[in-house]
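In case you want the letters, here they are:
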Amino acid sequence: RLPGTAKSLLAQSSVPAMANQFMYYSDFLYDTSDITSQPLGNLSTAYWGSGTGMLATRSAWANNATYINMICGPYTESHAHHDQGSFVLFKGNWLAYDSNIASQSGIAQSEGMHNLVRVEQNGSVVTQREGSAPCQLQAMADNANYTYGMAHVTPVYDGKPQVVKVEREFLFLKPGTLVLLDRVQTSGAGISRVWGINLPAAPVFIGDNLRLTQGSNWLDIIRLAPSGLTTQVRSWPTLDPDVHTGVRADVADSVGNTSVFLHVLSTDGATTAA
């Protein structure tokens, strides 16, 4: 059934055929006219690629579905990004994304471009290290109601003394709620643990929480823990002129050596209370 399902997916593509003559051979080689279309429902709404460390999950095979991609796997390539433990979220529009999308180069590797918890010492980021042991997806479950994963990110810091533990649990409650629990333990003086999220436009504050609106879709970012911290929203063009739009919202905790961040991200009012 997979070829027929792939045919249905391709038929919904915004690029149904090659646009340039030198690529026409692809339309010839992969002609599907003799294949009977099959419904997209034949496919699972979640896929884990252990080789790349990509966990893709969506609420349904509909155009208005919520789509989330998580990263937890090997960091072995020199051009790969420092994005282990990060995620992106799409529903109708990008609601939480990788700020490389809005950059000129598209190749900025730094932690701040990605939606994860940064460890900073005296204002400098303690970076993930190429060639380290991989991020470990230590648990995973998927069914009609939720997708769950437990990412042990600590190994990608390759034993740097400032980082004792970085873990992220994520629970996608279908159709539109993402719960993130981050446990971060550090060692040393002058260290902050910074929960960051990249957004395509400036959000509005609703108390301690944020709301981003993109067209007819919106994202509520609800922080349940820690309490008593201040969210700072910074324009990306002021942070890095290579990025022409968008913002990053940061919550920094510098008290003690341990932080537990608990956030609920809700699309289009999927969560009425947290």
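Note that the structure is a prediction, hence the values are computed from the model and not measured. (Residues numbered from 1 in each chain as written. Predicted model: local features only at pLDDT ≥ 70, side-chain atom pairs only at ≥ 80, totals over all residues. Heavy atoms only, no water.)

(A) Representation of the pattern of salt bridges in the model. What the rule picks out here adds up to 11 salt bridges. Residue Arg-118 is joined to Asp-250 by a salt bridge in which the shortest nitrogen-to-oxygen separation is 3.1 Å. Note that Arg-118 is positioned in strand E6 (residues 117-121) and Asp-250 in strand E17 (residues 247-253), a separation of 132 residues in sequence. In this structure, the salt-bridge partner of Arg-129 is Asp-158, at a minimum N-O distance of 3.3 Å. Of this pair, Arg-129 sits in the loop between strand E7 (124-125) and strand E8 (136-142) while Asp-158 sits in the loop between strand E9 (146-152) and strand E10 (163-173), and the two are 29 residues apart along the sequence. On the basis of relative accessibility, which here comes to 36%, the residue Arg-129 falls in the partly exposed class. Residue class for Asp-158 comes out partly exposed when judged on its relative accessible area of 37%. Taken together, the salt bridges that share partners define one network made up of Arg-118, Glu-120, Arg-234, Arg-248 and Asp-250. (Salt bridge = Lys/Arg side-chain N within 4 Å of Asp/Glu carboxyl O. Helix = DSSP H or I, 4+ residues; strand = E, 2+ residues; numbered from the N terminus. Buried < 20%, exposed > 50% of the residue type's maximum accessible area, 1.4 Å probe, protein only.)

(B) Here's a closer look at the side chain of Ser-8. Residue position: Ser-8 is located in helix H1 (residues 2-11). Look past the residues within four positions of Ser-8 in its chain and what remains in contact with it is Ser-37, Gln-38 and Leu-40. (Contact = heavy atoms within 4.5 Å.)

(C) Summary view of the state of the cysteines. Enumeration over the complete set of coordinates arrives at 1 disulfide. One disulfide in the model links Cys-72 with Cys-135; its S-S distance is 2.1 Å. For the disulfide bridge between Cys-72 and Cys-135, the dihedral angle about the S-S bond is near -95 degrees, and by the sign convention the bridge is left-handed. With Cys-72 in the loop between strand E3 (67-71) and strand E4 (87-91) and Cys-135 in the loop between E7 and E8, this residue pair connects regions lying 63 residues apart in the sequence. Just as Cys-72 is buried, Cys-135 falls in that class too. (Disulfide = S-S within 2.5 Å.)

(D) Just the sheet that holds E3, in detail. The 5 strands are arranged E1-E2-E3-E4-E5 in an open sheet whose pairing can be described as antiparallel. Of all strands in the sheet, those with a lone pairing partner are strand E1 (46-49) and strand E5 (93-96), marking the two edges. Going from strand to strand, the sheet's axes swing by 15 degrees on average, the running direction of each strand aside. Here strand E2 (residues 54-58) runs beside E3; their pairing, made up of 5 bridges, is antiparallel. What sits directly across from Leu-55, in E3, is Met-70. (Pairing = 2+ DSSP bridges. Axes fitted to C-alpha atoms, helices over the stretch in contact; angles between N-to-C directions.)

(E) Fine view of empty space enclosed by the protein. As enumerated under the stated definition, the model contains 3 cavities of 30 Å³ or more in all. Looking at the largest cavity, its volume works out to about 70 Å³. Lining of the largest cavity is provided by Trp-195, Asp-208, Asn-209, Leu-210, Ile-221, Ile-222, Arg-223, Thr-231, Ala-249, Asp-250, Val-251 and His-263. The set of elements that each furnish at least two residues to the lining of the largest cavity consists of strand E14 (209-214), strand E15 (217-225) and E17. The class makeup of the residues in the lining of the largest cavity is 6 nonpolar, 3 polar and 3 charged. The computed volume of the second largest cavity comes to approximately 50 Å³. Along its surface, the second largest cavity is lined by Gln-84, Gly-85, Leu-116, Val-117, Gln-128, Val-153, Tyr-157, Val-166, Glu-167, Arg-168 and Asp-182. Here the lining of the second largest cavity takes 3 residues from E10, the largest share from any one element. Looking at side-chain class alone, the lining of the second largest cavity contains 5 nonpolar, 3 polar and 3 charged residues. (1 Å grid on protein atoms, 1.4 Å probe; cavity = no way out; pocket = protein on both sides within 12 Å on 5 of 7 lines; lining within 4 Å. Points joined across faces, edges and corners; volume = space filled by probe spheres on them. Nonpolar A, V, L, I, M, F, W, Y, C, P; charged D, E, K, R; others polar.)

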